[in-house]
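Structural features, examined
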Amino acid sequence: MYFPEMGIASVVATMTGGRQSEVGIIGHDGMTGVAVILGQDKSPNETYIQVAGNG
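Here the structure is a predicted model, which means the values were calculated and not measured. (Residues numbered from 1 in each chain as written. Predicted model: local features only at pLDDT ≥ 70, side-chain atom pairs only at ≥ 80, totals over all residues. Heavy atoms only, no water.)

**Focus: the overall build of the protein**
Stated precisely, the cut-off is as follows: Secondary structure follows DSSP: runs of H or I at least 4 residues long count as helices, runs of E at least 2 residues long count as strands, and numbering of each begins at the N terminus. Here the term buried applies to any residue with accessible area under 20% of the maximum for its type, exposed to any over 50%, and partly exposed to those in between, with areas from a 1.4 Å probe on protein chains only. Only heavy atoms matter for contacts: two residues are in contact if any of them lie within 4.5 Å across the pair. Calculation of accessible area relied on Shrake-Rupley with a 1.4 Å probe; when residues are assessed, cover is drawn exclusively from the protein chains displayed.
Assigned secondary structure in the protein consists of 1 helix and 3 strands. Beginning at the N terminus, the succession of helices and strands in the protein can be written as β-β-α-β. Each principal axis of the C-alpha atoms in the protein carries an extent, and together these give about 35 × 30 × 15 Å. Looking at the protein as a whole, 20% of its 55 residues are labelled buried. Expressed as a percentage of contacts within the protein between residues at least 6 apart in sequence, the contacts between residues at least 24 apart total 51%. A total of about 4500 Å² of accessible surface is found on the protein, and carbon and sulfur atoms cover 54% of it.

**Overview of the pairing of strand S2 (residues 20–26)**
Defined as follows: Strands pair, by our definition, only if DSSP identifies at least two bridges between them.
Sheet topology places strand S1 (residues 8–14) next to S2; 6 bridges connect them, and they run antiparallel. Note that in S2 the partner of Val12 across the bridge is Glu22. Connecting the antiparallel pair S1 and S2 is a turn made up of 5 residues, with Gly17 showing a positive phi of about 95 degrees.

**Things to note about the environment of Gly30**
The topology assignment puts Gly30 in the loop between S2 and helix H1 (34–37). Here the alpha-carbon distance between Gly30 and Thr16, two residues 14 residues apart in the chain, equals 28 Å. If we skip the residues at most four places from it in the chain, Gly30 touches Tyr2, Phe3 and Pro4.

Set out below in structure tokens:
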């Protein structure tokens, strides 16, 4: 589980055939890893952390 303090977390689902789609965006007021709270040992989706760069 992560509680992002800066940037955003993009939640991406992989569909049949390997295509991916962003299914959620989490900011500083949210958290990732809800599947763990619901009793699963891992998330069915991938999460990418995006932060602003210098330049």
